[in-house]
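Results of the structural survey
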Amino acid sequence: MVFINILMINSASIAKIRNIDNYRYKDEIKNISNLCETFLKNNDLIGDTKKECQIPKDKADICYHLEFKNKIATMYENGQVEVDDEDDHLGNPKDFDWYFLKFYDQSLNGYISESIKKKYSLLINEIQKLPITYGAFHYCTADTFIFEHYDQTTSPERSETGRTNIILPLHKPNAKGCIIHVDGDVYDLMDYDAFCFNAQFKHKMYNNTGSDVVLLVLHSRSDDFEVAG
């Protein structure tokens, strides 16, 4: 597995895109990615997600994008729902499914069922060795998307006071088109084994590969994204 170097700086000199090769824990992240590839072969991610997916109502400061089904909508923890007015988005009416399974959260562990904690303990044990605050799988069926947002709505947009998202594409299809927009710049996640960015910049994502895509998303506080010495 090769991590592709990329680093971009915005005009205010705040890092928008991180360089995973400069991260102190890049080798450990690579090992977690390899572990996930094996883990998912023996576990029903979609089944677990459909069973466990819930929206906590008392965390209005953080949005989670859970599931697109029958309509194009983003559901937030505070109950807010955003709906796309275009019925023919991406060409044809169908079920839009973007499944989300949180299995580790340093501060919100109470929202994860004991069965998921137990089933995913192998991954959790590895993640707990790192300055990672959060771990989730995204199972993105073909022609699905996540609305534009930034992650920590209690922190300023475009700031370093939020968190870094580390996205590890798993089970890549043999096609381009899993696109992430970060502050207006466009990147294809299929070009990367690890893609890192400051989640306080507005971002959105589309799966236009024509195939299902699995992503592992890890969060760290921006100031935990340590540069290797």
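Values in this document were obtained by computation on a predicted structure and should not be read as measured data. (Residues numbered from 1 in each chain as written. Predicted model: local features only at pLDDT ≥ 70, side-chain atom pairs only at ≥ 80, totals over all residues. Heavy atoms only, no water.)

This next bit is on the side chain of Lys-16. Position of Lys-16 among the secondary structure elements: in strand E2 (residues 15–18). Classification of Lys-16 as buried rests on a relative accessible area of 6%. Separated by 3.4 Å, the side chains of Lys-16 and Asp-183 make a polar contact. Separated by 2.7 Å, the side chains of Lys-16 and Asp-185 make a polar contact. (Helix = DSSP H or I, 4+ residues; strand = E, 2+ residues; numbered from the N terminus. Buried < 20%, exposed > 50% of the residue type's maximum accessible area, 1.4 Å probe, protein only. Polar contact = N/O pair within 3.5 Å; in protein donor to acceptor, adjacent residues only side chain to side chain.)

Counting buried positions over the five residues of strand E12 (residues 203–207) gives four, a clear majority of the element. Pairing between strand E7 (residues 144–149) and E12: four bridges, direction antiparallel. Residue pairing for E12: Phe-145 is matched across the bridge by Tyr-206. Here strand E9 (residues 178–182) runs beside E12; their pairing, made up of five bridges, is antiparallel. Within E12, the position partnered with Val-182 by the bridge is His-203. (Pairing = 2+ DSSP bridges.)

A few words on the side chain of Asn-165. Mapped onto the secondary structure, Asn-165 falls in strand E8 (residues 163–170). The buried category is assigned to Asn-165, whose relative accessible area is 5%. Within the local environment of Asn-165, its side chain forms a polar contact with the side chain of His-219, the two groups lying 3.3 Å apart.

What follows is about helix H1 (residues 26–41). When the terminal C-alpha atoms of H1 are compared, their 23 Å separation across 16 residues agrees well with the 22 Å that a helix rising 1.5 Å per residue should span. Burial in H1 covers these residues: Ile-29, Ile-32, Ser-33, Cys-36, Phe-39 and Leu-40. Each buried residue of H1 lies within a common arc of 125° when the element is viewed along its axis, so the set occupies one face. (Expected span 1.5 Å × (residues − 1). Arc of directions from axis to C-beta.)

With that settled, the discussion passes to the environment of Gly-177. Secondary-structure assignment places Gly-177 in the loop between E8 and E9. A C-alpha to C-alpha distance of 9.2 Å links Gly-177 and Tyr-187, two positions 10 residues apart in sequence. Setting aside residues no more than four positions away along its own chain, Gly-177 makes contact with Asp-188, Tyr-206, Asn-207, Asn-208 and Thr-209. (Contact = heavy atoms within 4.5 Å.)

Moving on: the packing of aromatic side chains. Overall, the coordinates contain eight aromatic pairs when judged by the stated rule. Here Tyr-23 and Tyr-25 contribute two aromatic rings whose centre-to-centre distance is 5.6 Å and whose plane-to-plane angle is 70°, an arrangement assigned as edge-to-face. Comparing Tyr-23 with Tyr-25 shows no difference in burial state: the two are buried. When the ring of Tyr-120 is compared with that of Phe-137, the centres are 6.2 Å apart and the planes differ by 50°; the resulting orientation is tilted. A residue pair is termed long-range when its members are at least 10 positions apart, and Tyr-120 in the loop between helix H3 (114–119) and helix H4 (121–127) and Phe-137 in strand E6 (residues 134–140) qualify at 17 residues. According to the relative accessible area criterion, Tyr-120 is buried, its value standing at 0%. An aromatic cluster of three or more residues is present, and its members are Phe-39, Phe-103, Tyr-120 and Phe-137. The ring of Tyr-134 has Arg-163 sitting right over it, with the charged end atom 5.7 Å from the ring centre. (Phe/Tyr/Trp six-rings, centres within 6.5 Å; stacked < 30°, edge-to-face > 60°. Lys NZ or Arg CZ within 6 Å of the ring centre and 35° of its normal.)

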